[in-house]
Amino acid sequence: MAVPVEEAIAALSTFSLEDDQPEVQGPAVWISTERGATQSPIEYTDVSAYRLSLSEDTKALNQLNSLIQEGKEMASVLYTYRSCVKALPQLPDSMKQSQADLYLETYQVLDLEMSRLREIQRWQASAASKLAADMQRFSRPERRINGPTITHLWSMLKLLDVLVQLDHLKNAKASIPNDFSWYKRTFTQVSVHWQDTDSMREELDDLQIFLSTRWAILLNLHVEMFRVNNVEDILQVLIVFAVESLELDFALLFPERHILLRVLPVLVVLATSSEKDSESLYKRVKINRLINIFKNDPVIPAFPDLHLSPAAILKELAMYFQKFSTQTRLLTLPSPHELPPREAQEYPFIFSLLLLKSSDSADVEWCKEVKGNMYDMVVEGFQLLSRWTARIWEQCAWKFSRPCKVSVPMESYEASGSFSDYEKVVRYNYSAEERKGLVELVSYIKSIGSMMQRCDTLVADALWETIHAEVQDFVQNTLATMLRTTFRKKKDLSRILSDMRTLSADWMANTSRPESDLQPLQHGGEESRGTFFHPRPVAPTSAQVHCLQFLIYEVVSGGNLRKPGGLFGNSGSEIPVNDLKQLETFFYKLSFFLHVLDYTVTVATLTDLGFLWFREFYLESSRVIQFPIECSLPWMLVDHVLDSQNAGLLESILMPFDIYNDSAQQALVVLKQRFLYDEIEAEVDHCFDIFVSKLCDNIFTYYKSWAASELLDPSFLFALDNGEKYSIQPMRFTALLKMTRVKLLGRTIDLRSLIAERMNKVFRENLEFLFDRFESQDLCCIVELEKLLDVLKHAHELLSKDLLMDAFNLMLSEMQENISLVSYSSRLASQIWMEMRNDFLPNFILCNTTQRFVRSSKVPSVPVQRPSVPSAKPNFYCGTQDLNSAHQTFAQLHSGFFGMAHMFSIVRLLGSRSLPWLIRALLDHISNKIATLEPMITGLQEALPKSIGLLPFDGGVTGCMRLVRENLNWASKPELKCEVLRGIKEIGSVLYWMGLLDIVLRELDTTHFMQTAPWLGLIPGVDGQILQGQDCGDSPVVTLFKSATAAIVSNPGCLDPTSFHTLSKQAEAADLLCKANMNTGSVLEYALAFTSAALDKYCSKWSAAPKTGFLDITTSKDFYRIFSGLQIGHLEESVQLPPNNHEILGDSVAWGGCTIIYLLGQQLHFELFDFSYQVLNVAEVEVAALIQTHKNPHLAQGWECLLEAMKKARRLNNHVFSMLKARCPLEDKVACAIKQSGAPLHRIKFENTVSAFETLPQKGV
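Not measured: the values here are computed from a predicted model.

## A look at the overall build of the protein chain
Working step 1: For the protein chain, the helix and strand inventory stands at 48 helices and eleven strands.
Working step 2: Across the 1261 residues that make up the protein chain, the buried fraction comes to 52%.
Working step 3: Here the contacts in the protein chain between residues at least 6 apart in sequence split such that 80% fall between residues at least 24 apart.
Working step 4: Roughly 59600 Å² of accessible area belongs to the protein chain as shown, and the carbon and sulfur atoms make up 55% of that amount.

## Some details on the confidence of the model for the protein chain
Working step 1: Model confidence for the protein chain is summarised by a mean pLDDT of 81, while 82% of its residues fall at 70 or above.
Working step 2: Note on residues 329-336: pLDDT under 50 across the span, and 17 contacts to partners over four residues away in sequence or across chains.
Working step 3: Low pLDDT (under 50) marks residues 512-529, which in the prediction has 30 contacts with non-local residues, meaning those over four places away or in another chain.

## Thoughts on the packing of aromatic side chains
Working step 1: Applying the stated rule across the entire model yields 45 aromatic pairs.
Working step 2: Aromatic side chains Phe-1123 and Phe-1166 sit 5.9 Å apart centroid to centroid with 45 degrees between the ring planes, which places their arrangement in the tilted category. On the criterion of sequence distance, the pair formed by Phe-1123 in helix α42 (residues 1119-1136) and Phe-1166 in helix α45 (residues 1163-1169) is long-range, its members being 43 residues apart.
Working step 3: For Phe-1123, a relative accessible area of 1% translates into the label buried.
Working step 4: Given a relative accessible area of 0%, Phe-1166 falls into the buried group.
Working step 5: Through pairs of rings, three or more aromatic residues link up here, namely Phe-840, Phe-844, Phe-853, Phe-898, Tyr-992, Trp-993 and Trp-1151.
Working step 6: The ring of Phe-897 has Arg-852 sitting right over it, with the charged end atom 3.8 Å from the ring centre.

## Here's the deal with unusual backbone geometry
Working step 1: In the Ramachandran plot, Gln-645 falls in the positive-phi region, its phi being about 55 degrees despite a non-glycine side chain.
Working step 2: Looking at the element boundaries, Gln-645 is found in the loop between α25 (633-644) and α26 (647-650).
Working step 3: Judged by its relative accessible area of 41%, Gln-645 is partly exposed.
Working step 4: Of note in this structure, Gln-851 is not a glycine but carries a positive phi near 60 degrees.
Working step 5: Position of Gln-851 among the secondary structure elements: in the loop between β5 (844-847) and β6 (852-855).

## Digging into the pattern of salt bridges
Working step 1: Evaluated as defined, the whole model comprises 47 salt bridges.
Working step 2: Here Arg-137 makes a salt bridge to Asp-134, at a shortest N to O gap of 3.2 Å. Here Arg-137 and its partner Asp-134 are both found in helix α3 (residues 99-137), three residues apart, which amounts to about one turn of the helix.
Working step 3: The closest approach of N and O atoms between Asp-639 and Lys-694, which form a salt bridge, is 2.4 Å. Here Asp-639, found in helix α25, pairs with Lys-694, found in helix α28 (residues 674-710); they are 55 residues apart in sequence, far enough to count as distant.
Working step 4: Relative accessible area serves as the criterion here: at 26%, Lys-694 is assigned to the partly exposed category.

## Topic: helix α40 (residues 1083-1095)
Working step 1: For α40, built from 13 residues, the straight-helix expectation of 18 Å at 1.5 Å per residue is met to within 8% by its first-to-last C-alpha distance of 18 Å.
Working step 2: Burial within α40 is extensive, with 13 of its 13 residues counted as buried.
Working step 3: Sitting at the head of α40, Ser-1082 places a side-chain oxygen 3.4 Å from the backbone nitrogen of Leu-1084.

## Quick notes on α3
Working step 1: Counted at 1.5 Å a residue, the expected span for α3 with its 39 residues is 57 Å, and the 55 Å between its end C-alpha atoms agrees.
Working step 2: Of all the bends in α3, the greatest measures close to 30 degrees and is centred on Asp-111.

## Some thoughts on the sheet that holds β6
Working step 1: Strand order in the open sheet formed by three strands is β5-β6-β7, and the pairing between neighbours is antiparallel. Because the sheet does not close on itself, it has two edges, and the strands there are β5 and β7 (897-898).
Working step 2: Strand direction decides the pairing type here: β5 and β6, joined by four bridges, are antiparallel. Counted as the bridge partner of Phe-844 is Arg-855 from β6.
Working step 3: Packed on one face of the sheet, helix α37 (residues 974-1016) meets β5, β6 and β7 and runs near 135 degrees to β6.

## Regarding the packing of α3 against helix α5 (residues 175-190)
Working step 1: Axis separation between α3 and α5 bottoms out at 9 Å; the angle between their running directions is 130 degrees. Judged by the inter-axis angle, α3 sits oblique to α5. Where α3 crosses over α5, the two elements pack in a sense that is left-handed. Every residue of α5 that contacts α3 at Tyr-103, Leu-104, Thr-106, Tyr-107, Leu-110, Asp-111, Met-114, Leu-117 and Arg-118 is listed here: Ile-176, Asp-179, Phe-180, Trp-182, Tyr-183, Thr-186, Phe-187, Gln-189 and Val-190.
Working step 2: Taken together, the residues of the contact of α3 with α5 sort by class into twelve nonpolar, three polar and three charged.

## So, the packing of helix α31 (residues 782-800) against helix α32 (residues 808-815)
Working step 1: Following both chains from N to C, one finds α31 and α32 inclined at 140 degrees, their axes separated by 10 Å at the closest point. Regarding the angle of α31 to α32, the classification is oblique. Counting all contacts with α31, which are made through Leu-789, Leu-792, Lys-793 and His-796, the residues of α32 involved are Phe-808, Met-811 and Leu-812.
Working step 2: Of the residues belonging to the contact of α31 with α32, the class tally is five nonpolar, one polar and one charged.

## Remarks on the side chain of Arg-427
Working step 1: Inspection of the secondary structure puts Arg-427 in helix α17 (residues 421-427).
Working step 2: Within the structure, the side chain of Arg-427 is placed 3.0 Å from the side chain of Glu-423, a separation counted as a polar contact.
Working step 3: Apart from the residues within four sequence positions on either side, Arg-427 is in contact with Tyr-422, Arg-435, Glu-630, Cys-631 and Met-636.

## Focus on the nonpolar core
Working step 1: If you look at the biggest cluster of nonpolar residues, it comprises 356 residues, and the most contacted ones within it are Phe-691, Trp-993 and Met-994.
Working step 2: Broken down by element, this core gets its largest block of residues, 18 residues, from helix α35 (residues 900-943).
Working step 3: Sequence-distant contacts of Met-994, defined by excluding residues within four places in its chain, comprise Ile-919, Leu-922, Leu-923, Val-1083, Leu-1084 and Ala-1087.

## Topic: the pairing of β6
Working step 1: In this antiparallel pair of consecutive strands, β5 and β6, the connection spans four residues, and Gln-851 shows a positive phi of 60 degrees.
Working step 2: The pairing of β6 with β7 spans two bridges and is classified as antiparallel. Its bridge partner being in β7, Phe-853 is matched across the sheet by Phe-898.

Rules and cut-offs
- Residues numbered from 1 in each chain as written.
- Predicted model: local features only at pLDDT ≥ 70, side-chain atom pairs only at ≥ 80, totals over all residues.
- Heavy atoms only, no water.
- Helix = DSSP H or I, 4+ residues; strand = E, 2+ residues; numbered from the N terminus.
- Buried < 20%, exposed > 50% of the residue type's maximum accessible area, 1.4 Å probe, protein only.
- Contact = heavy atoms within 4.5 Å.
- Areas by Shrake-Rupley, 256 points an atom, 1.4 Å probe, with all protein chains shown as cover.
- pLDDT = per-residue confidence, 0-100.
- Phe/Tyr/Trp six-rings, centres within 6.5 Å; stacked < 30°, edge-to-face > 60°.
- Lys NZ or Arg CZ within 6 Å of the ring centre and 35° of its normal.
- Salt bridge = Lys/Arg side-chain N within 4 Å of Asp/Glu carboxyl O.
- Expected span 1.5 Å × (residues − 1).
- Polar contact = N/O pair within 3.5 Å; in protein donor to acceptor, adjacent residues only side chain to side chain.
- Bend = angle between axes of the 7 residues up to and from the residue.
- Pairing = 2+ DSSP bridges.
- Axes fitted to C-alpha atoms, helices over the stretch in contact; angles between N-to-C directions.
- Parallel < 35°, antiparallel > 145°, perpendicular 65-115°, else oblique.
- Left-handed = near helix turned anticlockwise from the far one by under 90°.
- Nonpolar A, V, L, I, M, F, W, Y, C, P; charged D, E, K, R; others polar.
- Core = buried A, V, L, I, M, F, W, Y, C linked by side-chain atoms within 4.5 Å.

Okay, here's the thing in structure tokens:
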């Protein structure tokens, strides 16, 4: 069944095509190439219907418009002309015989270009002749034909402007004479064999004179006007019209004002060719008025990179008007055209336009006052856009006329070595403040232009109704009043006013509606006078405006071109001042109407900034193919915003890219040159890539700095006097991160996806750098790595609020090469293990008091080979230099040791996935190290004497130490002794490292238990056990989900109860899983069990059973005896050698040796028969005996340091044994094990057998 149209429209109206993309770019719309309302689409053929006898004027007007169009096309040809000679090949000496062919080919190529120049020469001669004839025809005093109309006067001015621009281009383009000289040379060579070349030579001579003569077109025009004579009246009218329009600012659009400024000096040249004409002109226009105009605008834009100077024109053509040339000295002090950074007084229009934009849902039946205000607002917007764009034009012309004279930066000089003229006028000619002001002004123009374009359909009816009301009010009321009063007895003028009413009055608008429903005639609060009418959206045509302006001019001037005064001057006029003012106001409103009706084209013209890119003149003068992008003004503006870090300019960063859209439009539509578009496209591609890269770099730096600032310690900031330097100023990146449709050269670019792609890459590069940096440093830098990763992760969290990016954990896993589900190792875990094996275990020593590992003072025998520290920008650390130094200060606090903070970092970084792999690698290292020590210890056992008794008390400390040295004759094996000590040290370091890890894991488990226990219904017991709550039913989390499921399922509105039942089952599974993982074991106990199992293989060698069954005192060579000898030798060396030997091995030796002794069951033997313990016993007895005999107890001088070292060693050994008894009591042989299924078992009893090492961990069935 078909859907009714009304319902379909109503349904479509509910859809919204808008998104949340901010409006921070220019309009980027295609400018219409069709003629707009400012020109008659039917070439004023409808003028004859009004019976005003303007047929001659219309014919001449159309002829001038055709010439103007042709002249603009020829100006485009001249401006885009590039030298062909540069591209011509040069023949080598071996091909000189082909010289004639080369000349012929060159001639054929150049002849095509010269034909265009000949066409321009012929056209300018024809245009000058027609313009002079046209002026002469409408300057006759006898007034045989009507005219010229105001539109006709504008056409004369525009054609004269085209001739001036053509002449200026011909003077400026040096490549044209160069190509012509080459063309003439080739013509001479190839025309030798031709016949009848006289006419061609004459054309060449004429073209040569035309190209080599400065201002040849103006001189030819002057000759034509002198020949036809009687044009001084029309010239004076044109000068008066131009001067009044400039002084009173009647030109609504800046192109009209620039036309008047360009042609005014030329008109003065043409109008003062004789003394008589000069006197006549200066009677109507005072010379000071002209001087002021030229002084206020010393530089006039002509082409994007070419300008005109009135003073230069007047000075160069001084021979033709000596009277005026004497005043040119007054033009030597022009006022500059610098651009102010901000124009706050023009902001109210922006807010008014925003209010206009917000009136989308307003009622159609607006009151006339609102529509009148809307018309005034649109006109004000056009004036603002025109003024702003004109300022940019004039500033560019001013900069081109004033190259940079200050010294260029040294770094730029070293990079390039020399500078082109274009760099002096553009790249180094704009200060930072000027670039900022230019960016702001471009943003104003583009943003307001875009807003006005979007309001086109919204304001169209209101504009048309307002214009209709203005015209009807004037012709039906104002003119009616004038006919009844002022012009009642003046039949000629009354006839003209009646014609105005006839051709433009809309009598159909008059209605018989009640007076209360009729609207006032004039907006703005004026009281209505006369006929009431209902405004309609019916605007006047261009022909009607054309005729109305002519008739008003006829009323004012009376058809006399020689009338003194200005266009609306009151000299000799019988019209009252008030009536004259009304006629003048309506006259200039008529010219505004055409631009307002041509709304879209007017906005596009006023917002066109494509001229900021073109540089054809400087390309030719610099003799280069194209300039680098650093010289391109649009890119300079973008780059300035990126480098300035100005939050206020950031949202305007896309506005300068719209300049490329404008320049590409001009290249294709106006200049009609594909090669220019190709150059623009190539630059845009390059610039946009750089823009995205630099923008992403700024975004990354900002969010990285923001994250680093938030992660700084608050107490650190509070203690600083200048803590504000670590705060980050907010930047407006949010709008740019929402841009999904950036319009550039007809393409739509998803900037958001480009930034996201780049950000993913940058974050991965940053992770890669951090890991590379860690791999080039020791294990103590793990805290710094964690801090930097935390900063990077927090920056990712902040940026992810505005941008969709890859998950940080995913990127971290990729960089750690830990993506696979079956991969338990990682890049970081492998690096930590490599550092521990190559540097940490061999070169770090333990301080048991501080629970820290520090680097040994002994230089390692084999230096650790690490890659060099990679260099990177500050944003790969913490963003800014200040934040980098602050975080570096914190990192340096942990860079000289390894302790609990480092262990916490390792646990957090590796997580539960890679940490078991590292633990297993360390345990395997213990096993391998024990296997390595076995033959060394066997060698030390063999070196022991067969019998070593207890140390005698009668010899004292000195005798004991001498006896120990005699019995422990290991001097022949010093390297073996050192290797055994280092091996025991590494075993002790690993075990102590496991103890630190166990402390950290227990703390984390406690935190985890406190978070999960309330949801699982668990409570801690008295002895640390985990007990179930009093209610043995379901846990709280299961109860919660079950009750929620029951409540939802019982609701009749529940459509799918299965999913909620599934959710309840998943809660039960999660409860079981969390409870199963709640009872975690001890890593240290597991390590001790593993070490005990590894020692079982060597138990028979290191702990032999006595043959007699009794305790072996003298002949024992068990491990405790070896370690006892190593310990006393180590202690003696530590107090004798200049570098403290304890600083080389540290406390890890005691941890390793005592652990092995304890696990071998030799603790009591060691405490009874240790050499250092016996020496301490002897020393105590000796001191006690000396005290009893009242002798000096310090007789055993020289042994104080050794005895003190022995006491410290005994205290440390006792501490180690007490810890081992608590964590691994030998009576029960309790340790941790793991089932085949992977479930841990805690405090499992097992026997220490050889097979235990091969099967561990799997005990307990």
